[in-house]
Amino acid sequence: MRDLIAEIFNGLATPYYFGQILLTKGESGGFVLLHRDDRSLDRLQTHRDAEDAIEIAKYDGAGKYRPLKTAPNLRRGWRLELGTVEELIRALDYFYPGRLTVFAARKIGSLKTTALRDTLDRQSGMYRVGAKISDSQINDLVADFCRSDTGCLRTILWKRDRNDAIASAKLPKEKFDPACDQAAACSRRPADDVPAAHSEPGTVPLLCQEACNLMVAACRKVVKGEETTA
């Protein structure tokens, strides 16, 4: 799969967005990654090791731990320079674990999705109770937990159940469209701030093929009447 990912990324024109990351080609080759809202800034802390992405992605701008790496709270102020596509793949996988593999699987038509109710039905132990959540509760929970501006930047591909019911009717249709840039909703850069000599960057979507563990835990809390937070 990594060879396929490398082939796909070698064929992508830059610049482009991957979540809150802007990726461009370096002036002397290689790749440059930075927060999409920092592209007009010159004084950024420069890193040159793909493993540095682990620490960059660990905490938000306020120093709080980020349990959900696709939350729209990636900290700013850094620049990551990498020499090869292999280093690029490693770094992006640290920033957004598993999203490259899912993206590649969809590109070749092999991606499978799992309905939320199927995910909940297979839980055991303390999370089994989550399967008792009602459709109306799912509608409200997903709308709050998964919204792109405060919750999660993934594009939802899964359905609520095997009848293909939408995950939440309270989310905009763009939340389910891989062609839409989910991070645009939380970007703080000026609207006219585009790289010189380039059109607006394209977008590589962060795809969500199945509800995450945090969503499963949130379903349990709803059923038990506990407060949930994204």
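The coordinates are above.
Given the structure is predicted, the values throughout are model-derived calculations rather than measurements.

A. Inspection of the environment of glutamine 20 at higher detail. Following the sequence through the fold, glutamine 20 ends up in the loop between strand S1 (16–18) and strand S2 (21–25). Taking relative accessible area as the criterion, glutamine 20 reaches 3% and is therefore assigned buried. C-alpha separation for the pair glutamine 20 and serine 187, spaced 167 residues apart in sequence, amounts to 8.0 Å. If we ignore the near neighbours within four places in the chain, the residues touching glutamine 20 are Leu34, His35, Arg36, Ala71, Pro72, Asn73, Leu74, Tyr96, Leu153, Ala183 and Cys186. Reaching out from glutamine 20, the side chain makes a polar contact with the backbone nitrogen of asparagine 73 at a distance of 3.2 Å.

B. Spotlight on the nonpolar core. Among the nonpolar cores identified, the biggest contains 32 residues, and Leu33 and Phe95 are the most heavily contacted of them. Of all the secondary structure elements, the ones that give two or more residues to this core are helix H1 (2–10), S1, S2, strand S3 (31–35), helix H2 (52–58), strand S5 (78–82), helix H3 (85–95) and helix H4 (99–107). Take this core: its biggest share by element is 6 residues, from H3. Among all residues touching leucine 33, those that are not within four sequence positions of it are Ile21, Leu22, Leu23, Trp78, Arg79, Leu80, Leu82, Leu88, Leu92 and Phe95. Residues Leu116, Ile156, Met215 and Cys219 belong to the second largest nonpolar core, which totals 22 residues.

C. Representation of the packing of helix H6 (residues 135–145) against helix H7 (residues 213–223). Axis separation between H6 and H7 bottoms out at 11 Å; the angle between their running directions is 135°. The angle between H6 and H7 places the two elements in the oblique class. Two packed elements cross with a definite hand, and for H6 against H7 that hand is right-handed. Where H6 abuts H7, its residues Gln137, Leu141, Val142 and Phe145 lie against Leu214, Met215, Ala218, Cys219 and Val222. A breakdown of the residues in the contact of H6 with H7 according to their chemical character gives 8 nonpolar, 1 polar and no charged.

Calculation criteria
Residues numbered from 1 in each chain as written. Predicted model: local features only at pLDDT ≥ 70, side-chain atom pairs only at ≥ 80, totals over all residues. Heavy atoms only, no water. Helix = DSSP H or I, 4+ residues; strand = E, 2+ residues; numbered from the N terminus. Buried < 20%, exposed > 50% of the residue type's maximum accessible area, 1.4 Å probe, protein only. Contact = heavy atoms within 4.5 Å. Polar contact = N/O pair within 3.5 Å; in protein donor to acceptor, adjacent residues only side chain to side chain. Core = buried A, V, L, I, M, F, W, Y, C linked by side-chain atoms within 4.5 Å. Axes fitted to C-alpha atoms, helices over the stretch in contact; angles between N-to-C directions. Parallel < 35°, antiparallel > 145°, perpendicular 65-115°, else oblique. Left-handed = near helix turned anticlockwise from the far one by under 90°. Nonpolar A, V, L, I, M, F, W, Y, C, P; charged D, E, K, R; others polar.

Function-wise, these values are silent; they only describe arrangement.
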